[in-house]
Amino acid sequence: MSSDARLGAALKKYWGYDSFLPLQVEAMNCVMQSRDSVVVLPTGGGKSLCYQAPAVCLDGLTIVVSPLISLMKDQVDALTDCGVPAASVHSMVGSDEKRQIAADIRSGQLRLLYCAPERIVQPRMLEFLQLVQVSQIAVDEAHCISSWGHDFRPEYRQLRMLKEALPGVGMHAYTATATKQVRYDVADQLGLEQPEMLVGSFDRPNLVYRVKRRQNRLDQIRTVVDRHAGASGIVYCISRKEVENT
């Protein structure tokens, strides 16, 4: 069975999808062929599936570096519901659970392991990963690596250690926001080898943007709320104090 056919079968079996979104096949094939990549797709563009579908097609463990416990929990819960063995290791995971996760990795039962950047680069963790079969490394929210990114997080700059500790294992950076300068900075910081640069379209035909100058904030908010009575919406504010005041 060809790589595309295997990926398509996995997509249907675990997620119920009959077709791929733009650039997903190209991104997944980078994983299947262990070619490093930087993937920029808009929110809702299916970035997670770019490493999750290959994870169930390849032998070994997929490592996913993710910045927030809540994101890891959502991903692991969704994968478990789909029938894909996945787990996360972070500060809220107890010792007994960590030992069980390690045993599941050694036995080859676990397909995806989610970790925070601070934990994945610890010497003990790197030594453990060198003793097991790792199929790919996925770095989520990869713009955090770049000094040009708007959500800079120092520990992301150490993820090159993963590439050095696991030579030959493909590393893939995923983000929804990265200029050309940020993309190349991410590739450089991670030590990616001739990475494939995949950038999707950010045109969202289902979204309409309107920009208006703020005059009377609360009146303007009330106007929008009244216009969409009974519907859901989000009001963003610049700070927690502004949220509480609003």
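To start, this report covers the structure provided alongside it. (Residues numbered from 1 in each chain as written. Predicted model: local features only at pLDDT ≥ 70, side-chain atom pairs only at ≥ 80, totals over all residues. Heavy atoms only, no water.)

Before going further, it helps to spend a moment on the layout of surface pockets. Approximately 1100 Å³ is the volume found for the largest pocket. Along the walls of the largest pocket sit 25 residues, with Gln220, Ile221, Val224, Ile234 and Val235 positioned nearest its centre. Of all the elements, helix 10 (residues 217-227) adds the most residues to the lining of the largest pocket, at seven residues. Considering only residue class, the lining of the largest pocket consists of twelve nonpolar, six polar and seven charged. Estimates place the volume of the second largest pocket at around 610 Å³. Residue lining of the second largest pocket: 29 residues in total, with Gly44, Gly46, Lys47, Ser48 and Gln75 positioned closest to the centre. Those elements giving two or more residues to the lining of the second largest pocket turn out to be helix 1 (3-15), helix 3 (47-57), helix 4 (69-82) and strand 6 (170-175). Sort the elements by how many residues they give to the lining of the second largest pocket and helix 4 lands first, with six residues. Along the lines of polarity and charge, the residues of the lining of the second largest pocket split into twelve nonpolar, 13 polar and four charged. (1 Å grid on protein atoms, 1.4 Å probe; cavity = no way out; pocket = protein on both sides within 12 Å on 5 of 7 lines; lining within 4 Å. Points joined across faces, edges and corners; volume = space filled by probe spheres on them. Helix = DSSP H or I, 4+ residues; strand = E, 2+ residues; numbered from the N terminus. Nonpolar A, V, L, I, M, F, W, Y, C, P; charged D, E, K, R; others polar.)

Below, the discussion takes up the packing of helix 1 against helix 2 (residues 24-32). The axes of two packed helices give the description: the angle between them and the distance between them. Packing of helix 1 against helix 2 leaves a shortest axis separation of 11 Å and a crossing angle of 110 degrees. On the basis of their axis angle, the class for helix 1 and helix 2 is roughly perpendicular. Handedness of the helix 1/helix 2 crossing: right-handed. Residues Ser3, Asp4, Arg6 and Leu7 of helix 1 touch helix 2, and the partners they reach there are Val25, Met28, Asn29 and Met32. Within the contact of helix 1 with helix 2, the residues separate by chemical class into four nonpolar, two polar and two charged. (Axes fitted to C-alpha atoms, helices over the stretch in contact; angles between N-to-C directions. Parallel < 35°, antiparallel > 145°, perpendicular 65-115°, else oblique. Left-handed = near helix turned anticlockwise from the far one by under 90°. Contact = heavy atoms within 4.5 Å.)

On inspection of all chains with the given rule, the structure shows seven salt bridges. Ionic pairing is found between lysine 163 and aspartate 36, a salt bridge with its closest N-O pair at 2.8 Å. Of this pair, lysine 163 sits in helix 8 (residues 160-165) while aspartate 36 is found in the loop between helix 2 and strand 1 (37-40), placing the two residues 127 residues apart along the sequence. Residue classification places lysine 163 among the buried residues on the basis of a relative accessible area of 10%. Overall, the relative accessible area of 4% leaves aspartate 36 in the buried class. (Salt bridge = Lys/Arg side-chain N within 4 Å of Asp/Glu carboxyl O. Buried < 20%, exposed > 50% of the residue type's maximum accessible area, 1.4 Å probe, protein only.)

So, on to the sheet that holds strand 7 (residues 196-199). Pairing in this open sheet of seven strands is parallel, and the strands run 3-4-2-5-6-1-7 from one edge to the other. Either end of the sheet is taken by a strand with one partner, and the two such strands are strand 3 (86-89) and strand 7. Taken pair by pair, the neighbouring strands of this sheet meet at an average axis angle of 20 degrees, ignoring direction. The strands that helix 3 touches are strand 2 (61-65), strand 4 (112-115), strand 5 (134-139) and strand 6; relative to strand 4, the one it contacts most, it runs at about 140 degrees. (Pairing = 2+ DSSP bridges.)

The side chains of a regular strand alternate between the sheet's two faces. The element strand 2 is extensively covered by neighbouring structure, given that five of its five residues are classed as buried. Here strand 2 shows no split at all, with Leu61, Ile63 and Val65 on one side and Thr62 and Val64 on the other all buried. Two elements, strand 2 and strand 5, share five bridges in a ladder whose sense is parallel. Bridge pairing in strand 5 places valine 65 opposite valine 139. Relative to strand 4, strand 2 runs parallel, the two being bridged by four bridges. Considered in strand 4, the bridge of isoleucine 63 is made with leucine 113.

Before going further, it helps to examine the packing of aromatic side chains. In the structure shown here, the tally under the stated rule is two aromatic pairs. Seen in terms of ring centroids, tyrosine 51 and tyrosine 174 are 5.3 Å apart; in terms of plane orientation they differ by 55 degrees. Their pairing is tilted. Linking tyrosine 51 in helix 3 with tyrosine 174 in strand 6, this pair joins segments that are 123 residues apart in sequence. By relative accessible area, which is 0% here, tyrosine 174 ends up buried. (Phe/Tyr/Trp six-rings, centres within 6.5 Å; stacked < 30°, edge-to-face > 60°.)

On to the environment of serine 34. Position of serine 34 among the secondary structure elements: in the loop between helix 2 and strand 1. Counting along the chain gives 43 residues from serine 34 to aspartate 77, while the straight-line C-alpha distance between them is 27 Å. Not counting residues within four places of it along the chain, the set of residues in contact with serine 34 comprises Gly168 and Gly170.

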